[in-house]
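This is what each chain is made of:
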Amino acid sequence: MRITRITAHRVELPLVEGSYQWAGGKSVAVFDSTVVRIDTDDGLTGYGEVCPLGPAYLAAYANGVRAGLAELGPHLIGEDPRELAKLNRRMDAVLKGHPYVKSAVDMACWDLLGRATGLPACVLMGGRFGDDVTLYRAISQEAPDAMAARVAGYRAEGYRRFQLKVGGDPDVDVARIRAVAAVLKPGDRLVADANTGWRMHDALRVVRAVRDVDVYIEQPCLTYEECLTVRRHTDHPFVLDEVIDGIDVLVRGHADRAMDVVNIKISKFGGLTRAKQARDLCVSLGVVMTLEDSWGGDIVTAAIAHLAHSTPPEFRFTSTDFNSYVTVSIADGAPQRVNGRMAAGTAPGLGMTPRPEVLGPAVWESR
C-alpha cells in the first residue's frame, strides 16, 4: 500500500455555549479545524483531524497546520501508511518539530491501518477494555455562581467529572472552586485547571485556601519547576498537562513524584503513535491519565475514544467528547456521549465516515 494523495480541508466548529474561556482572558468562539484525507493506491482512504485551541494556548495554530502540511506532505507520497514507526521517522526527517502538524497525518494512517486489516483502531492499539470510557466536562471560566450552575446542568447529562477553568484572580478562583464544590454529589470529581495561568505565589495561596476541599489541582503554573514547587506544598491530587509533551518529561515527572495524573493530548505528542507510546509508558510506570487532545470534532473524538478504550481502566482518569461541545458534525459513526460516557466504534479504523458536504473543497492537496 502506498500513499498517492494527501488532501487538507478546513472546517469551522462553532461552540454550543457560544464561547470557551480559560486562564489569562483567552477565549475561542469558533474553532478552526483541519481534516486530513490520505488516499492510497489500493483504493483505501483514511482520515485524521487536528484542531489547536486557538493560537495562544500551545505552540500551535490552525494556519500553521496547513502551512506545515504543504511542507511535509510531498515527502510522504509513495510511503506505506501502515508502517507507522517508519512514517513518523520520515516526517521527523523532513520537518523538525511541529508535532501538531504531523498529528492528523499519523491519525489518518491509523485509520488506514484499521481499514486495511478490518480491525478497529482500539484493537490494534492493545485491545478493547470494558464497555466504555468515562468523560469529563470542561466548565468555561465565568463567575462562581454561573460555573456552579453549569456543573448542575451537565450532571443532568450524565457527567460526573468536571474540569473547572481557573487560573485568574486567585481570590475569585478560590470562590469558583468553593461554589462548584458545594453543588457536587457523592461520586463526583472536581479538577481545578489553571492552564498555566497562576504565578507560583498565587498558586500556593489558592491551594492553601482550598485545603479542605476535595479537588484536583491541574497545571497551576507555566513551567515544570514551578508546578513541582506547588506540588510539594499541597496534599491535593496533582495533574500535569501543558508541560507533558514527550517521554523525557514523563520519566522525569515520575522520578520527581511530580504528579498523580498526566494529561496525554494526541496532537501535542504528534499523533496516535507517540500518544500510544506515552500511554504505554504511563501504564508501565503506574501513572493514571486523562486521554484527549487540544480540541476537535468527530474525527478527533473518535481517535480519543480508541486511545482511551485500549487503555486498562485502572489507568484511565477521564477523557473528552469534543464533538458534543460544537454545533457542526463532520462525520457519521463517530462516538456519542451516553450518560457521561462514550465507546470506541467497532467498524474498522477510527470507525467513522466524514461528510463531504461539511468538509467542503480541499484547501491544499499534494499529488
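This write-up is about the structure you can find in this document.

Some points on the overall build of the chain
- A tally of regular secondary structure across the chain gives 13 helices and 18 strands.
- For 367 residues, the compact-globule estimate of 2.2 N^0.38 gives 21 Å, and the chain sits close to it at 20 Å.
- Referenced to the eigenvectors of the C-alpha coordinate spread, the extents of the chain come out at roughly 60 × 40 × 35 Å.
- The proportion of buried residues among the 367 residues of the chain is 58%.
- For the chain, contacts bridging at least 24 residues in sequence account for 72% of all contacts bridging at least 6.
- In the chain, which carries 42 positive and 46 negative side-chain charges, the distance between the mean positions of the two groups comes to 2 Å.

Thoughts on the packing of aromatic side chains
- All chains considered together, the criterion is met by 9 aromatic pairs.
- With a centroid separation of 5.9 Å and 90 degrees between ring planes, the pair formed by Y154 and Y159 is classed as edge-to-face.
- You can call Y154 buried: its relative accessible area is 9%.
- A residue is classified by how much of its surface remains accessible, and Y159, at 0% relative accessible area, is buried.

Things to note about the pattern of salt bridges
- Applying the stated rule across the entire model yields 33 salt bridges.
- Salt-bridge contacts for D173 lead to R176; the nearest nitrogen and oxygen are separated by 2.7 Å. You can see D173 and its partner R176 sitting in helix α6 (residues 170–181), 3 residues apart, about one turn around the helix.
- On the accessibility criterion, D173 (0% relative accessible area) is buried.

Overview of helix α12 (residues 298–309)
- Spanning 12 residues, α12 covers 16 Å between terminal C-alpha atoms, matching the ideal 16 Å at 1.5 Å per step.
- Here α12 lies mainly inside the structure; 12 of its 12 residues are buried.
- Within the sequence span of α12, burial applies to D298, I299, V300, T301, A302, A303, I304, A305, H306, L307, A308 and H309.

Examining the packing of helix α8 (residues 224–231) against helix α9 (residues 247–256)
- Between α8 and α9, whose axes approach to 12 Å, the crossing angle comes to 25 degrees. Viewed along their axes, α8 and α9 adopt a mutual orientation that is roughly parallel. Pair α8 / α9 crosses with right-handed handedness. For the pair α8 and α9, the contacting residues are Y224, E225 and L228 in the first and V249, R252, G253 and D256 in the second.
- Of the residues contributing to the contact of α8 with α9, the split by class is 3 nonpolar, 1 polar and 3 charged.

Digging into empty space enclosed by the protein
- Inspection of the entire model under this criterion finds 3 cavities of 30 Å³ or more.
- Its volume calculated, the largest cavity comes out at about 130 Å³.
- Broken down by secondary-structure element, the contributors of at least two residues to the lining of the largest cavity are β2 (20–22), β7 (136–139), β8 (161–165) and β12 (261–265).
- Broken down by class, the residue content of the lining of the largest cavity amounts to 9 nonpolar, 5 polar and 7 charged.

Details of the environment of R257
- Structurally, R257 can be placed in the loop between α9 and β12.
- When the C-alpha atoms of R257 and R232 are compared, they prove to be 9.2 Å apart, with 25 residues separating the residues in sequence.

What counts and what doesn't
- Residues numbered from 1 in each chain as written.
- Predicted model: local features only at pLDDT ≥ 70, side-chain atom pairs only at ≥ 80, totals over all residues.
- Heavy atoms only, no water.
- Helix = DSSP H or I, 4+ residues; strand = E, 2+ residues; numbered from the N terminus.
- Rg over C-alpha atoms; globule rule 2.2 N^0.38 Å.
- Buried < 20%, exposed > 50% of the residue type's maximum accessible area, 1.4 Å probe, protein only.
- Contact = heavy atoms within 4.5 Å.
- Lys, Arg positive; Asp, Glu negative; His and termini not counted.
- Charge placed at Lys NZ, Arg CZ, Asp CG, Glu CD.
- Phe/Tyr/Trp six-rings, centres within 6.5 Å; stacked < 30°, edge-to-face > 60°.
- Salt bridge = Lys/Arg side-chain N within 4 Å of Asp/Glu carboxyl O.
- Expected span 1.5 Å × (residues − 1).
- Axes fitted to C-alpha atoms, helices over the stretch in contact; angles between N-to-C directions.
- Parallel < 35°, antiparallel > 145°, perpendicular 65-115°, else oblique.
- Left-handed = near helix turned anticlockwise from the far one by under 90°.
- Nonpolar A, V, L, I, M, F, W, Y, C, P; charged D, E, K, R; others polar.
- 1 Å grid on protein atoms, 1.4 Å probe; cavity = no way out; pocket = protein on both sides within 12 Å on 5 of 7 lines; lining within 4 Å.
- Points joined across faces, edges and corners; volume = space filled by probe spheres on them.

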